[in-house]
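Understanding the architecture of this molecule
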Amino acid sequence: MRRVGWYSRELVLFLMFLAIAGGASVFFFFLSSRDVKSAQSDYVWSLQVNSVLDRVAGELAYAAQVDHPFEGESKECWYRRPAVGGALEPSLNQQGLILGDGMLEYVTRMASGTSKTRAFQGFENPLLRNVKKASFERRSSNLLVVSVTVQPPGTTGEAQIFERRICLRSR
Amino acid sequence: MNMAGRSTIEWLLILGIATSFLWPFMQLWTVQAVPLIESEAQQKAASTLVNLMEEALAKPQRDYFPTSSFEPLPGFEAIGLEGKTEIMPHPDFSEMVLVRVQVRWGFVLFRKVLTLETAMARIRP
């Protein structure tokens, strides 16, 4: 049987596939555009900041003793780690998180002085860069609030505030 | 070509093909990891959820039952985040309380809810 011309349903199918192909190619162009790439890099950046803050929150929550923001607000936080295996705590040895030069750093303080530690749980020092403002606030005996305002690495983005509330388990 | 009558096996095949196409999107929805669309709100909601839980754990008294309705959280008006904290008696152990925090955002049909629960002793050790 010879056929001449198009059936209407073939035309509909053809147009539908054409529309899908056109839409898909527009979508792929959109996916590889600069806007999407900058959105992705912003997302990766905020993911990194969040994971650093999660580690910090975990460390402070299970610290044996949080010494420095005993009350009120501070730019530094000094604490002691739990000693391994129930040993006595070293008397003059504190870990700290301090803000200086727009960077949040992890340091160790001893009687002889303060030294910068190379890494904090796998994160290189400084933990965060482009920090506009950071505060450690002791709201009650067992509630510590860490609030960090960080500028994204690009020039255009506005600063974002990251906050962690930490229930101190040692209290 | 007969469009009217498709056999059962044909319908099953069509259903299978459609499912295999749509299933990855369904999975993305269930892990709530669709990039570019929800990622920022998702991260903020997750960290806010943990903040709410830590605040509830730090409360001096555990034996009270606050209102069980969602309230808008300050600072997150842009994404319309609402949170709820419930402290209730544990269903199994009378000496424990169950703490449940929830955040939700988005509108009807596209609303997402994240929930976190933990059990604690009612009286502090």
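Bringing the packing of helix H2 (residues 34-61) of chain A against helix H2 (residues 39-57) of chain B into the picture now. For the pair H2 of chain A and H2 of chain B, the least separation of the axes is 10 Å and the interaxial angle reads 10°. The angle between the axes of H2 of chain A and H2 of chain B places the two elements in the roughly parallel class. The residues of H2 of chain B that touch H2 of chain A, namely those facing Asp42, Tyr43, Ser46, Leu47 and Asn50 of chain A, are Ser39, Glu40 and Gln43 of chain B. Per-class residue counts for the contact of H2 of chain A with H2 of chain B are two nonpolar, four polar and two charged.

Attention now moves to the confidence of the model for chain B. Taken over all residues, the pLDDT of chain B has a mean of 81, while the share at 70 or more is 80%. Overall fold confidence (pTM) sits at 0.75, and the ipTM for the predicted complex is 0.76.

What follows concerns H2 of chain A. An α-helical segment advances 3.6 residues per turn. Residues three or four places apart therefore align on the same side. Taking 1.5 Å per residue, 28 residues should reach 40 Å; H2 of chain A reaches 40 Å between its end C-alpha atoms and fits that length. Buried within H2 of chain A are the following residues: Val36, Trp45, Ser46, Val49, Asn50, Val52, Leu53, Val56, Ala57, Glu59, Leu60 and Ala61 of chain A.

This part takes up the side chain of Thr149 of chain A. Mapped onto the elements of the fold, Thr149 of chain A is located in strand S10 (residues 143-150). In contact with Thr149 of chain A, other than residues within four places in its own chain, are Asn130, Val131, Lys132, Lys133, Ala159, Gln160 and Ile161 of chain A.

What follows concerns the sheet that holds strand S5 (residues 103-110) of chain A. Residue and element names in this part refer to chain A. Strands sit in the order S1-S3-S4-S5-S6 across an open sheet of five strands; the sheet is antiparallel. Each of the sheet's edge strands pairs with one partner strand only, and the pair in question is strand S1 (65-66) and strand S6 (113-116). Looking at chain direction, strand S3 (residues 76-80) and strand S4 (residues 93-100) are connected through four bridges and run antiparallel. When the bridges of S4 are listed, Cys77 appears paired with Leu97. Packed on one face of the sheet, H2 meets S1, S3, S4 and S5 and runs near 50° to S3.

So, how was this worked out
- Residues numbered from 1 in each chain as written.
- Chains lettered and ligands numbered in written order.
- Predicted model: local features only at pLDDT ≥ 70, side-chain atom pairs only at ≥ 80, totals over all residues.
- Heavy atoms only, no water.
- Axes fitted to C-alpha atoms, helices over the stretch in contact; angles between N-to-C directions.
- Helix = DSSP H or I, 4+ residues; strand = E, 2+ residues; numbered from the N terminus.
- Parallel < 35°, antiparallel > 145°, perpendicular 65-115°, else oblique.
- Contact = heavy atoms within 4.5 Å.
- Nonpolar A, V, L, I, M, F, W, Y, C, P; charged D, E, K, R; others polar.
- pLDDT = per-residue confidence, 0-100.
- Expected span 1.5 Å × (residues − 1).
- Buried < 20%, exposed > 50% of the residue type's maximum accessible area, 1.4 Å probe, protein only.
- Pairing = 2+ DSSP bridges.

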